[in-house]
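# Remarks on the overall topology
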Amino acid sequence: MSSNIVLTVDVREGTGKGAARAARREDLVPGIVYGGKLEPVSVTLRGNEIRKALLGGHFLSNMIEIDHEGKRQTVIARDIQFHPVSDKAMHIDLYRVDEDTKIKVNVTVNFVNEDACPALKRGGVLNIVRHDVELLCPAGSIPESVEADLTGLDIGDSLHISAVNLPKGVKPTILDRDFTIATLQGSRAVLTDAEEETDEAPAEPEAIKQKGDEE
């Protein structure tokens, strides 16, 4: 996914809580830029630019360009700390990347084709084990989401990561097992109906009269 977010940064001379509080009073967000062959650098970012980027969505899964006095670097946001009451961004960690840098990201799983799922048509329930999966992706092609197809799945079936079509160059970080994404389970009503069918008493066989019975 190519970058369409540009953030202005300034090098932050002062460090520590006092300097961070002073920056926030000026609607600046303290942060750090690290990774690659360069040393970590403490920076401040514009609060209004951060709010706009966050409202746009996918901030943590997009490549971002930071602009310092006309010079740009490509980064990705690795962590954002928010104020527990106001939800304002308090600190941001930015990691230097290029398009081919492999990074680990959590990507949302979307379940599709529910209308073609026999389990759900029978009143079953989709039990989601993982709402998102951790993937190893090139920084330049991070998917916004991945799709898990429910077509043909019946009660008792499971959906594993191997059934999810991942983009080229993208792999799950867990490789030692085919882990479960979701299972299809019978609802209480479906299970009760099945139990009632199996609990019906079998018809008693008709008595066979022996010749001596009437004597």
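Bear in mind that the values here come from a model prediction, so they are computed numbers and not experimental data.

### Quick notes on the overall build of the chain
- Check the secondary structure of the chain and you find 4 helices and 13 strands.
- Burial analysis of the chain (215 residues in total) assigns 32% to the buried set.
- Sequence separation of at least 24 residues holds for 66% of the intrachain contacts in the chain that already meet a minimum separation of 6.
- Total accessible area computed for the chain in this model is approximately 13800 Å², and 48% of it derives from carbon and sulfur atoms.

### Side note on the sheet that holds strand β3 (residues 41-46)
- With mixed pairing, the 6 strands of this closed barrel are ordered in space as β1-β3-β2-β6-β5-β4. Neighbouring strand axes in the sheet, compared pairwise and without regard to direction, differ in orientation by 45° on average.
- Against the sheet, helix α1 (residues 17-25) touches β2 (28-34), β3 and β6 (89-96), its axis set at about 125° to β2.
- Most of the contacts of helix α2 (residues 47-55) go to β3, to which it runs at about 75°, and overall it touches β1 (5-11), β2, β3, β5 (71-82) and β6.

### Focus: the nonpolar core
- Formed by 27 residues in total, the largest nonpolar core has its most connected members in Ile103, Val109, Phe111, Val133, Leu135, Val146 and Ile181.
- Every element with two or more residues in this core is listed here: β7 (102-112), β9 (132-138), β10 (145-149) and β13 (180-185).
- By residue number, the principal contributor to this core is β7, which donates 5 residues.
- Excluding its chain neighbours within four sequence positions, the residues that come into contact with Val146 are Val107, Thr108, Val109, Asn110, Val133, Leu135, Val164 and Leu166.
- By size, the runner-up hydrophobic cluster in this structure holds 18 residues, among which are Val33, Phe59, Ile64 and Val75.

### Digging into the environment of Glu99
- Residue placement: Glu99 occurs in the loop between β6 and β7.
- Looking at Glu99, the relative accessible area reads 48%, which means it is partly exposed.

### Re the sheet that holds β9
- Taken together, 4 strands build an open sheet; the order of strands is β10-β7-β9-β12 and the sheet is mixed. What marks the edges here is a single partner per strand, and that holds for β10 and β12 (171-172).
- The pairing of β7 with β10 spans 5 bridges and is classified as parallel. The residue bridging Asn110 from the neighbouring strand is Glu147, located in β10.

### Considerations on the pattern of salt bridges
- Tallying each qualifying case throughout the model produces 6 salt bridges.
- Taking the shortest distance from any N to any O, the salt bridge between Arg72 and Asp67 comes out at 3.3 Å.
- The exposure class assigned to Arg72 is partly exposed, which follows from its relative accessible area of 48%.
- Here Arg177 and Asp176 are joined by a salt bridge, their closest N and O atoms 3.5 Å apart.
- In this structure Asp176 comes out as exposed when scored by relative accessible area, which is 66%.
- Ionic contacts of the salt-bridge type, sharing partners, join the residues Glu65, Asp67 and Arg72 into one network.

### A look at the confidence of the model for the chain
- Here the chain averages 85 in pLDDT, while 85% of its residues score no lower than 70.
- Of all secondary-structure elements in the chain, the lowest mean pLDDT belongs to helix α4 (residues 188-199), at 53, while strand β11 (residues 158-160) reaches the highest, 97.
- Note on residues 205-215: pLDDT under 50 across the span, and 2 contacts to partners over four residues away in sequence or across chains.

### Let's talk about α2
- Gly47, Ile50 and Ala53 are the residues of α2 that are buried. Buried positions in α2, seen along its axis, are confined to an arc of 130° and lie on one side of it. For α2, exposure combined with an orientation more than 90 degrees from the buried face picks out Lys52 and Leu55.
- Buried residues along α2 sit against β1, β2, β3 and β6.

Parameters at a glance
Residue numbering note: each chain is counted from 1, following its sequence as written. Given that this is a predicted model, residues contribute local features only at a pLDDT of at least 70 and side-chain atom pairs are listed and counted only at 80 or more, while totals for whole chains, interfaces and linings are drawn from all residues. Processing note: side-chain calculations cover all non-hydrogen atoms of the structure and skip hydrogens and water entirely. Runs of E in the DSSP output that reach at least two residues are strands. Runs of H or I that reach at least four are helices, and both are numbered from the N terminus. Accessibility here uses a 1.4 Å probe with only protein chains present; expressed as a share of the type maximum, an area under 20% marks a residue as buried, one over 50% as exposed, and anything in between as partly exposed. The contact rule is simple, with two residues in contact once any of their heavy atoms fall within 4.5 Å. Working definition of accessibility: Shrake-Rupley area with a 1.4 Å probe, residue cover restricted to the visible protein chains. Two strands form a pair only when DSSP identifies at least two bridges running between them. Every axis in this analysis is a line fitted to C-alpha atoms, fitted for helices over the stretch in contact. Angles between the N-to-C directions lie between 0 and 180 degrees. For our purposes a nonpolar core is just a set of buried Ala, Val, Leu, Ile, Met, Phe, Trp, Tyr and Cys residues, chained together by side-chain atoms within 4.5 Å. By salt bridge we mean one thing: a side-chain nitrogen of Lys or Arg within 4 Å of a carboxyl oxygen of Asp or Glu. Per-residue confidence from the predictor is reported as pLDDT, which spans 0 to 100. Directions pointing from the helix axis toward each C-beta atom define the arc.

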